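So you can see what is in the structure, the chains are spelled out below.
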Amino acid sequence: MQLIDIGANLTHDSFDHDRDAVLQRARDAGVVQMVVTGASREHSPQALALARAHPGELFATAGVHPHHATEYTAECDSEMRELHAHPEVVAVGECGLDYFRDFSPRPAQRKAFERQLEIAAETGKPLFLHQRDAHVDFMAVMKAFDGRLGPAVVHCFTGTRAELFDYLDRDWHVGITGWLCDERRGQHLRELVKHIPADRLMIETDAPYLLPRTVKPAPSHRRNEPMYLAHIVEELARDRGEDVAVTAANATATTRAFFGLPASS
Ligand SMILES: [Zn+2]
């Protein structure tokens, strides 16, 4: 089984002391490639550096998460454009809107989102999108770019049935994380994931966040890491009524097509 984690925040400082061991455990669990999320001015260049250190295995996105939207200055825009000149940077983002936490003011979030959509429109690169509690505005901002964007994935989908169908109607992809395994707030996803066509479905850990709550035995720490993707795909396959090998193979093929990744060596 070959798995690809489309969302791993491997530049996070919680990995600083054992990043190589984390990568080895991922390989041992069948995770053959990972897309390292770049989500700020500070971490996007680090994601590229990590990808360049692991050619063919790690890839990067470059973007500014809505939490960091206030740092999206003209200078930041130039830095993002410079990062997108590198082939290891396979997607624009993480970008989008987050009205759940509102760490940045909403007008700043919309502005930073639009400027990154402009980069995606100009480069034709896929989009790695974040949306939380902001569906209506998110759809409106995306609508203004209709016909100008390449493929898009709404990562870490946690929303409603109506939101899911809005995304699928627009031919966007959906990323499923270990949120699915959260009996308190992810239960609705168990039924919804059956409706995602195989060629629109990708999988991710969002490590170090969102440690799947169903991992047994429960680790003593709360840090998530890419090796747990194997657990997420098992749960996802069960909910979809598929053999895990089928779910995994389809997600991997969909991911390679979406990001333009090579076959792993
Ligand atoms: Zn996110």
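As shown above, the structure is provided for reference.
Residue positions are counted from 1 within each chain, in the order its sequence is given. For this predicted model, a pLDDT threshold of at least 70 governs which residues receive local features, and a threshold of 80 or more governs which side-chain atom pairs are given and counted, while totals over whole chains, interfaces and linings are taken from all residues. Each side-chain value is derived from all of the structure's non-hydrogen atoms; neither hydrogens nor water enter the calculation.

**Q** So what's going on with the layout of surface pockets? Residues and values would help.
**A** Buried and open spaces are told apart on a 1 Å grid over the protein atoms alone, a cavity being a set of points where a 1.4 Å probe fits but cannot get out and a pocket being an open set with protein on both sides within 12 Å along at least five of seven lines. Residues with an atom within 4 Å of a point are the lining residues. Grid points are joined across faces, edges and corners, and a volume is the space filled by probe spheres set on the points. Counted as a void, the largest pocket has a volume near 660 Å³. Contributing to the lining of the largest pocket are 26 residues, with His65, His67, His130, Asp206 and Tyr209 lying nearest its centre. Numbering of helices and strands runs from the N terminus, with a helix taken as a DSSP run of H or I at least four residues long and a strand as a DSSP run of E at least two residues long. Taken together, the elements giving at least two residues each to the lining of the largest pocket come down to strand 4 (89-98) and strand 5 (127-132). Residue composition of the lining of the largest pocket, by class: 6 nonpolar, 14 polar and 6 charged. In terms of lining, the second largest pocket is formed by Gly178, Trp179, Cys181, Asp182, Arg184, Arg185, Pro208, Tyr209, Leu210, Leu211, Arg213 and Arg222. All residues other than Ala, Val, Leu, Ile, Met, Phe, Trp, Tyr, Cys, Pro, Asp, Glu, Lys and Arg, Gly among them, are scored as polar; the first ten of these are nonpolar and the last four charged. For the lining of the second largest pocket, a count of residues per class yields 6 nonpolar, 1 polar and 5 charged.

**Q** Explain unusual backbone geometry to me, using residue names and the numbers behind them.
**A** Going from Gly93 to Glu94, the amide bond is cis rather than trans, its omega being 20°. With an omega of -10°, the peptide bond between Lys216 and Pro217 qualifies as cis. Not every positive phi belongs to a glycine, and Asp133 is a case in point at roughly 55°. Among the secondary structure elements, Asp133 is positioned in the loop between strand 5 and helix 5 (135-143). Notably, Asp171 is not glycine yet its phi reads approximately 70°, a positive angle. For Asp171, a relative accessible area of 47% translates into the label partly exposed. Exposure is judged per residue with a 1.4 Å probe applied to protein chains only, and the accessible area is read against the type maximum: over 50% gives exposed, under 20% gives buried, and values in between give partly exposed.

**Q** Could you give an account of the environment of Asp199, naming the residues involved and the relevant values?
**A** On the secondary structure map, Asp199 appears in the loop between helix 7 (187-192) and strand 8 (201-203). By definition in these notes, contact holds between two residues if any of their heavy atoms fall within 4.5 Å. Once residues lying within four places of it in the same chain are set aside, the contact partners of Asp199 are His173 and Thr254.

**Q** Give me the lowdown on the coordination of the zinc ion, citing residues and values where you can.
**A** Note that water is not among the atoms used; donors are N, O and S atoms within 2.8 Å of the metal (3.2 Å for Na, K and Ca), so sites may look incomplete. Coordination of the zinc ion by the protein comes from Glu94 (OE), His130 (ND1) and His155 (NE2), over a distance range of 1.9 to 2.1 Å. Between the donor residues of the zinc ion, the gaps in sequence give the motif E-x35-H-x24-H. Of this pair, His130 sits in strand 5 while His155 sits in the loop between strand 6 (152-154) and helix 6 (161-169), placing them 25 residues apart in sequence. Both residues of the pair, His130 and His155, belong to the buried class.

**Q** Quick one: what's the story with the packing of helix 4 (residues 106-123) against helix 5, residue by residue and with numbers?
**A** Across the interface, helix 4 lies against helix 5 with an axial gap of 10 Å and an inter-helix angle of 35°. Crossing of helix 4 over helix 5 shows right-handed handedness. Here helix 4 contributes Arg110, Phe113, Glu114 and Leu117 to the contact with helix 5, which in turn contributes Asp137, Phe138, Val141 and Met142. Split by residue class, the contact of helix 4 with helix 5 holds 5 nonpolar, no polar and 3 charged. As a rule, the C-alpha atoms of each element are fitted with a line to give its axis, helices using only the stretch in contact, and angles between N-to-C directions run from 0 to 180 degrees. Note on convention: the crossing is left-handed when the near helix lies turned anticlockwise from the far helix by less than a right angle, right-handed when the turn is clockwise.

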